[in-house]
Amino acid sequence: MNFFSEKVAIVTGSSNGIGRATAALFAKEGAKLTITGRNEETLAETHKLCIDAGAKGEDILQLIGDVRDAAFCEQFVRKTIEKFGQLDVLVNNAGAAVFDFTGKTGIEQPLSNYDTTIDVNVRSIIRICKFAVPHLEKSKGAIVNVSSMGSSPFISPVPYYAMAKAALDQLTVQMAGTLIKRGIRVNSVNPGAVATNFAVTSGATKDMMEQMMDTMADYAKTIPLGRTGLPEDIGKIILFLADRSQSEIIIGQRIVADGGTLLMNSLLSQNI
Ligand code: NDP
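Just so it is clear, the structure is predicted and the values come from calculations on it, not from any experiment. (Residues numbered from 1 in each chain as written. Predicted model: local features only at pLDDT ≥ 70, side-chain atom pairs only at ≥ 80, totals over all residues. Heavy atoms only, no water.)

## Section: empty space enclosed by the protein
Then, in step 1: The final tally for this structure, using the stated rule, is one cavity of 30 Å³ or more.
Then, in step 2: Put simply, the largest cavity is a space of about 30 Å³.
Then, in step 3: Lining the largest cavity are Val 98, Gln 109, Asn 113, Thr 117, Val 158, Pro 159, Tyr 160 and Tyr 161.
Then, in step 4: The set of elements that each furnish at least two residues to the lining of the largest cavity consists of α4 (111–139) and α5 (159–179).
Then, in step 5: Among the elements that make up the lining of the largest cavity, the one with the highest residue count is α5 (three residues).
Then, in step 6: Tallied by class, the residues present in the lining of the largest cavity amount to five nonpolar, three polar and no charged. (1 Å grid on protein atoms, 1.4 Å probe; cavity = no way out; pocket = protein on both sides within 12 Å on 5 of 7 lines; lining within 4 Å. Points joined across faces, edges and corners; volume = space filled by probe spheres on them. Helix = DSSP H or I, 4+ residues; strand = E, 2+ residues; numbered from the N terminus. Nonpolar A, V, L, I, M, F, W, Y, C, P; charged D, E, K, R; others polar.)

What follows is the structure, given as structure tokens:
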């Protein structure tokens, strides 16, 4: 029997990208799932992918809402328990940056961008965990946060996003240290560049997207692995970290999954 059969997972931000791929992998492994996002149409596509991966319709709960809304966070945890009776895995994947296309860099970018970015990537996770922890304590479950390679100390075009993910890394450590005493393991995966709709979700227009794709194609050549990540690459790591039978010994860690990008950055910065 698979570790995840009869287990229940919530994947936030599963209407697209990494969250969607993760949901499909959980479905393939026999987990019951709550999938969430703001876009009804794309969330329905994820639902279909989960069914295609082997899930039964009654084993998927589909809820639309914004993780910045405390009432929605309470609701999707409560409804998961009402429907499935337990919670074993919480994947805090929903996240976004606010791209500034006016040429402003660093702290010239408006503080309102900072507030939005922190709200989505950090405050929402604290909020969701407060609701989920009592249930995860009962199941001796796991939390996997989706952070970013961008949390590392280097210059970013989205400085507040880099700061938010750095705060999330610290949140992972702080939660891991206290929650392991209640039997809950907390870790994070920190992806490098992954081919998703992230820039669109974060406010880029189609033209901007095309420009970024060209840049990404050049950028991919500088990644030691020779390619950008796929959502499934990250999903597999999330399942590994959520699976106590595989990764029980890993607690409070950030697993950087970037095809060697950070390694290269550090080598370049030393002129080697
Ligand atoms: P996508 O834009 O493809 O997916 C983001 C998901 O998060 C969507 O399902 C989106 O829902 C959801 N989401 C965003 N904001 C909110 C919100 N306020 N409330 C509810 N749901 C929200 O991007 P990725 O799959 O790439 O991003 C997933 C995670 O991976 C994020 O945390 C991101 O920071 C992280 N990451 C991504 C990298 C990349 O290169 N792609 C690199 C490093 C980290 P909807 O579309 O329905 O609004």
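## Quick notes on the site of the ligand
Then, in step 1: Around the ligand sit 29 residues, and of these Ser 15, Arg 38, Tyr 161, Thr 196 and Thr 201 come closest.
Then, in step 2: Between an oxygen atom of the ligand and a side-chain N or O atom of Tyr 161, the distance comes to 2.5 Å.
Then, in step 3: In the environment of the ligand, an oxygen atom lies 3.0 Å from a nitrogen or oxygen atom belonging to the side chain of Lys 165.
Then, in step 4: Relative to its free-state accessible area of 880 Å², the ligand is covered by the protein chains to the extent of 95%.
Then, in step 5: Looking at the shell around the ligand residue by residue, the class counts come to nine nonpolar, 16 polar and four charged. (Near = heavy atom within 4 Å. Polar contact = N/O pair within 3.5 Å; in protein donor to acceptor, adjacent residues only side chain to side chain. Areas by Shrake-Rupley, 256 points an atom, 1.4 Å probe, with all protein chains shown as cover.)

## Quick look at helix α3 (residues 70–84)
Then, in step 1: Between its first and last C-alpha atoms α3 spans 21 Å; for 15 residues at 1.5 Å apiece the expected length is 21 Å, and the two agree.
Then, in step 2: Those residues of α3 that sit buried are Phe 72, Cys 73, Phe 76, Val 77, Thr 80, Ile 81 and Phe 84.
Then, in step 3: At its buried positions, α3 is contacted by β1 (8–11), β2 (32–37), β3 (60–64) and α4.
Then, in step 4: Where α3 begins, one side-chain oxygen reaches toward the backbone nitrogen of Ala 71, 3.0 Å away; that side chain belongs to Asp 69.
Then, in step 5: Backbone geometry just downstream of α3 places Gly 85 in the positive-phi region, at approximately 80 degrees. (Expected span 1.5 Å × (residues − 1). Buried < 20%, exposed > 50% of the residue type's maximum accessible area, 1.4 Å probe, protein only. Contact = heavy atoms within 4.5 Å.)

## Here we look at the sheet that holds strand β4 (residues 89–92)
Then, in step 1: Strand order in this open sheet of seven strands is β3-β2-β1-β4-β5-β6-β7, and the pairing throughout is parallel. Two strands close off the open sheet at either side, each with one partner strand: β3 and β7 (254–257). Neighbouring strand axes in the sheet, compared pairwise and without regard to direction, differ in orientation by 15 degrees on average.
Then, in step 2: Sheet analysis places strand β6 (residues 185–191) next to β7, joined by four bridges and oriented parallel. (Pairing = 2+ DSSP bridges. Axes fitted to C-alpha atoms, helices over the stretch in contact; angles between N-to-C directions.)

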